Amino acid sequence: MSNYFTRPDEPPAYSPRYPESTSGSTPGRSIHDHPEFQSLRNGYRRFAAVSTALSVGGFLLYVLLSNFAPGIMNQPLAGRLTLGLALGLGQFAVMGVTAWCYVRRMRTQFDPVARGLRAQAEQRRPGTQSTYGTPSAREYRAW
Amino acid sequence: MVSIGAGVADPFSRQLTFVLFLSVVVVTLFAALLIAPQRDEVAEFYLGNREMSPLRNGLAMCGDYLSAATLLGSTGLVALTGYDGLLYLCGTTVAWMMVLLVIAEPLRNSGRFTLGDTLALRLPQGGRAVRVALSLCTLTICCLYLVAQLVGSVALLTQFTGVPSSTTRTLCVVVIGTIVIVYASLGGMPGATFIQIVKAVMLICGVTVAAVMVLNRFDWNVNALLDAATDNSGIGQRFLEPGLRYGASTTSKLDFLSLQLAIVLGLAALPHVMMRLLAPRSTNVLRSSVVWAAGLVGFVCLAAGVLGLGATALVGRDNIVDTDPKGDAAVLLLAQSIGGGVLTALLSCLAFVTLLAVAAGLTLAAASSLAHDLYGEVVRKGRATQAEELGVARLAAVLIGVLGMALALLSWETNVSTLAFLAFAIAASALLPTLLYSLFWRRFNSRGALLSLCGGLVCSVLLVVVSPVVSSTPSSIYPESDFAWFPLQNPGIVSIPAGFLLGWLGTVLTRRQEPSSYEEFEVRALVGADAE
């Protein structure tokens with residue numbers, strides 16, 4: 001059950017604050033100092049930075065080249081296809097590959113660690129919610 | 001430009017369009033009312049059904065993301081300017097990668113109903129001021145983009161009837177606006193989601209059918225299509241070379257770069273798109289949904305490219321320019337030539353439904369920001385009951401819809417893309433820096449957030465005011481006066497760095513405060529330890 005839904009016996013808990021953030025050592029903070037979390041975070045940041053630079057930066061470079069070096073982009077490759085048009089199609093391929101890498105990496109390297117850390121957070125905060133670590137039981141159909 | 005009516009649509013397809021549009025509207029209105037939120041729960045009104053499958057979520061995201069500007073405007077741009085138009089379509093797709101790689105998962109893990117909730121969680125001190133600034137930006141972006149959609153509906157009507165009389169114009173805007181208000185205020189997010197999905201399915205089917213017909217005409221030989229497009233463009237190989245639209249001078253090249261920056265960084269930060277990211281309950285579903293949406297967006301953009309090239313190849317560039325110098329008529333002319341009246345009617349109905357769906361999403365995003373951020377958290381300081389906040393949200397949807405209609409009627413002659421590009425520029429220079437800094441920068445504080453939100457907003461609006469869009473050229477709003485000292489039409493290349501710089505400056509100029517809640521926020525944003 002989500003804590004987004006207020007139960008009838010509670011006042012509407014709107015302000016998104018951490019109820020325990022006044023005490024010194026909270027579960028969130030101790031998870032934060034966990035070496036596994038640090039490596040998870042660094043890995044995530046590195047991957048996000050590299051992949052964004054590759055797909056978005058690559059596209060901006062392509063725009064720059066098209067504008068300021070049209071001679072290179074106009075080299076014919078086959079028939080009417082020029083280097084510029086081929087690179088444009090290549091953008092779509094790069095995006096597909098990036099998305100695939102992202103999903104595979106998140107599934108194999110990120111999710112298992114994140115699930116473990118979530119389970120730890122739940123252990124350190126007893127009596128709140130019991131569904132943290134269990135993966136969602138619900139299976140989605142294709143539609 | 002005046003003699004448009006006869007060229008694009010014959011009476012048969014005009015009537016067919018009308019019947020089709022009416023039936024789609026009636027069906028979706030009933031459906032929206034049936035699945036509208038039953039209880040006084042804000043979560044249901046803001047987020048809709050949180051248990052939807054990835055494909056349906058992905059369709060809804062794709063529906064929110066692709067507006068009629070993509071279907072008509074970008075395709076027309078391809079038909080008129082070839083290579084430069086294709087670059088534009090490519091940018092639309094790349095922008096979605098920002099959502100997938102950087103924004104989607106941390107935002108959903110740390111967010112709740114609006115972007116304001118994420119910021120309030122991240123910056124507990126000074127949260128109210130940040131929320132006010134954020135809602136101001138959200139409202140500005142939504143209103144600009146909403147007015148662009150409504151003005152677009154008038155422009156679309158122009159394709160059918162010639163330049164409409166003021167009564168027809170008013171009627172068109174009021175009817176579309178009213179339907180949008182009903183979707184948003186009664187249907188809430190469930191209703192908006194439903195029409196987004198209907199629209200996305202229609203859009204994908206429509207462009208697929210048309211693209212298949214074009215390719216079939218050329219025996220699935222892309223080179224033959226390119227050949228015919230170059231031959232019929234009247235300018236030969238230059239059609240497939242960069243610089244046709246933006247290559248006249250260094251200024252216009254910079255202008256194009258500025259536009260691409262605003263598109264790539266701004267589309268990802270549009271409020272109605274971000275709101276949709278918060279809906280899925282589990283991270284896995286969100287990830288699959290965003291990947292589905294990426295595939296669908298990429299597919300529609302590729303198909304739109306084929307349609308644009310096909311329009312030049314089969315209709316001829318000169319004919320398109322004769323009908324509508326901006327090129328918006330290209331798709332409809334192409335449909336007329338390959339599929340006759342039926343396909344024309346289908347695609348024009350599709351364009352109207354697209355307008356309607358995006359406008360509904362925008363109205364809802366603006367209403368949520370008004371009701372949740374401004375009323376719930378700032379005016380009532382979090383003490384409003386759910387029923388109260390819901391009432392305000394519905395009222396806000398009506399108010400924003402009416403405001404949008406009034407502004408659209410006042411400015412119906414404005415260029416649709418000018419309004420949309422300004423909205424992208426504001427999103428990229430105000431919302432994106434704040435969002436990225438708060439997700440990834442430990443020291444970021446509320447002073448920085450305020451500066452980057454307000455600074456980005458003011459900077460982009462001011463730069464447009466002193467640009468050729470407003471004065472000094474024959475096509476600007478005030479052609480007689482000249483106060484255009486900023487040479488570019490798109491402010492992005494200056495205002496986006498300015499937004500990031502101001503956020504950084506505001507942060508480092510503040511003395512270090514007590515330990516921030518960033519550690520806890522970061523755990524939640526990455527691991528989702530609190531959100532599921």
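Structure shown above.
Report follows, based on the coordinates. (Residues numbered from 1 in each chain as written. Chains lettered and ligands numbered in written order. Predicted model: local features only at pLDDT ≥ 70, side-chain atom pairs only at ≥ 80, totals over all residues. Heavy atoms only, no water.)

## A look at the overall build of chain A
- In terms of regular secondary structure, chain A is built from four helices and two strands.
- Its helices and strands taken in sequence order, chain A reads α-α-α-β-β-α from the N to the C terminus.
- The proportion of buried residues among the 143 residues of chain A is 38%.
- In chain A, the share of contacts with a sequence separation of at least 24, taken over all contacts with a separation of at least 6, comes to 54%.
- Looking at chain A as shown, the accessible area adds up to about 8200 Å², and 61% of this sits on carbon and sulfur atoms. (Helix = DSSP H or I, 4+ residues; strand = E, 2+ residues; numbered from the N terminus. Buried < 20%, exposed > 50% of the residue type's maximum accessible area, 1.4 Å probe, protein only. Contact = heavy atoms within 4.5 Å. Areas by Shrake-Rupley, 256 points an atom, 1.4 Å probe, with all protein chains shown as cover.)

## Details of the environment of A:Leu87
All names here are of chain A.
- Residue placement: Leu87 occurs in helix H4 (residues 83–124).
- By relative accessible area, Leu87 is classed as partly exposed at 36%.
- Between the alpha carbons of Leu87 and Met73 there is a distance of 8.6 Å; along the sequence they are 14 residues apart.

## Brief notes about the packing of helix H11 (residues 250–266) of chain B against helix H17 (residues 416–440) of chain B
Residue and element names in this part refer to chain B.
- Put simply, H11 and H17 touch, their axes get as near as 8 Å, and they point 60° apart. By the angle class used here, H11 and H17 are oblique. Where H11 crosses over H17, the handedness of that crossing is left-handed. Of the residues in H17, those in contact with Leu259, Ala262, Ile263, Leu265 and Gly266 of H11 are Phe421, Phe424, Ala425, Ala427, Ala428 and Leu432.
- Here the contact of H11 with H17 is composed, by residue class, of ten nonpolar, one polar and no charged. (Axes fitted to C-alpha atoms, helices over the stretch in contact; angles between N-to-C directions. Parallel < 35°, antiparallel > 145°, perpendicular 65-115°, else oblique. Left-handed = near helix turned anticlockwise from the far one by under 90°. Nonpolar A, V, L, I, M, F, W, Y, C, P; charged D, E, K, R; others polar.)

## Some remarks on empty space enclosed by the protein
All names here are of chain B.
- Inspection of every chain in the model, using the stated rule, returns six cavities of 30 Å³ or more.
- Forming the walls of the largest cavity are 15 residues, and the residues nearest its centre are Thr114, Leu115, Thr138, Pro271 and Met275.
- Listed by contribution, the elements that provide at least two residues to the lining of the largest cavity are helix H7 (115–122), helix H8 (127–161), helix H12 (271–277) and helix H15 (330–379).
- Broken down by element, the lining of the largest cavity gets its largest block of residues, four residues, from H15.
- When its residues are assigned to classes, the lining of the largest cavity shows nine nonpolar, five polar and one charged.
- If you list the elements that add at least two residues to the lining of the second largest cavity, you get helix H5 (68–81), helix H6 (83–110) and H17.
- Considering each element in turn, the lining of the second largest cavity owes the most residues, three residues, to H5.
- Of the residues that constitute the lining of the second largest cavity, the class distribution is nine nonpolar, four polar and no charged. (1 Å grid on protein atoms, 1.4 Å probe; cavity = no way out; pocket = protein on both sides within 12 Å on 5 of 7 lines; lining within 4 Å. Points joined across faces, edges and corners; volume = space filled by probe spheres on them.)

## Concerning unusual backbone geometry
Residue and element names in this part refer to chain B.
- Positive phi, normally seen in glycine, also occurs at Asp219, with a value near 55°.
- Here Asp219 shows up in the loop between helix H9 (166–217) and helix H10 (222–232).
- On the basis of relative accessible area, Asp219 is assigned to the exposed category, the value being 64%.
- Its identity is not glycine, yet Lys381 carries a phi of approximately 50°, on the positive side.
- Its place among the elements puts Lys381 in the loop between H15 and helix H16 (386–410).
- The class of Lys381 is partly exposed, set by a relative accessible area of 43%.

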